[in-house]
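Listed here are the chains, written in short residue letters.
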Amino acid sequence: MTRDERLQQIIAILRDGKMHRARDLAQRLGVSDRTIWRDMAEISAYGVPVEGERGVGYILRRAMGLPPLVLTREELAALDHLLTLAETATDTRIAVGAASLAAKIRAALPPPPAQDAAEGLAGDEASG
């Protein structure tokens, strides 16, 4: 498991709204307590609303998901353009975040019809 995958897994675990001790997270993910402490600092630095501290535990207090969105083709094209620009950012956190976000959006989109398949996030999955 890569570090990014581990960070995503920690966030997924914390979404249950319960308090989680670093020791329990470490055992579950096969890493040390110290690794979890560093990961929690990184997650917090990304702006994830995690509360807690070493020796007490960690909890995600606010929801992290977005409500369902319906985007137009133009909005998807704009988002694709912005994410492509962000992926070239010199700040690696921005570049990595943009690539991750683009992958999540692509995974959530329905497959485009074979005759309309195109590059980019928007593709040609729907007209109108």
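Residues numbered from 1 in each chain as written. Predicted model: local features only at pLDDT ≥ 70, side-chain atom pairs only at ≥ 80, totals over all residues. Heavy atoms only, no water.

Asks: What am I meant to see in the pairing of strand S1 (residues 50–53) here?
Replies: If a strand is regular, its side chains alternate between the two faces of the sheet. By the bridge criterion, four bridges tie S1 to strand S2 (residues 57–60) in an arrangement that is antiparallel. Among the inter-strand pairings, glutamate 53 is bridged to a residue of S2, identified as glycine 57. Count of turn residues in the S1/S2 antiparallel hairpin: three residues, of which glycine 55 carries a positive phi of about 85°. (Pairing = 2+ DSSP bridges. Helix = DSSP H or I, 4+ residues; strand = E, 2+ residues; numbered from the N terminus.)

Asks: Help me understand the nonpolar core, please; the structure alone is not making it clear to me.
Replies: Within soluble globular proteins, side chains that are nonpolar tend to cluster in buried spots. Ile10, Leu14, Ile36, Met40, Ile43 and Val50 are the most contacted members of the largest nonpolar core, which has 16 residues in total. Broken down by secondary-structure element, the contributors of at least two residues to this core are helix H1 (3–14), helix H2 (22–29), helix H3 (33–45) and S2. Take this core: its biggest share by element is five residues, from H1. Once residues within four sequence positions are removed from consideration, leucine 14 is found in contact with His20, Met40, Val50, Tyr58, Ile59 and Leu60. Within the second largest apolar cluster, five residues are counted, among which are Leu83, Ala98, Ala102 and Ile105. (Core = buried A, V, L, I, M, F, W, Y, C linked by side-chain atoms within 4.5 Å. Buried < 20%, exposed > 50% of the residue type's maximum accessible area, 1.4 Å probe, protein only. Contact = heavy atoms within 4.5 Å.)

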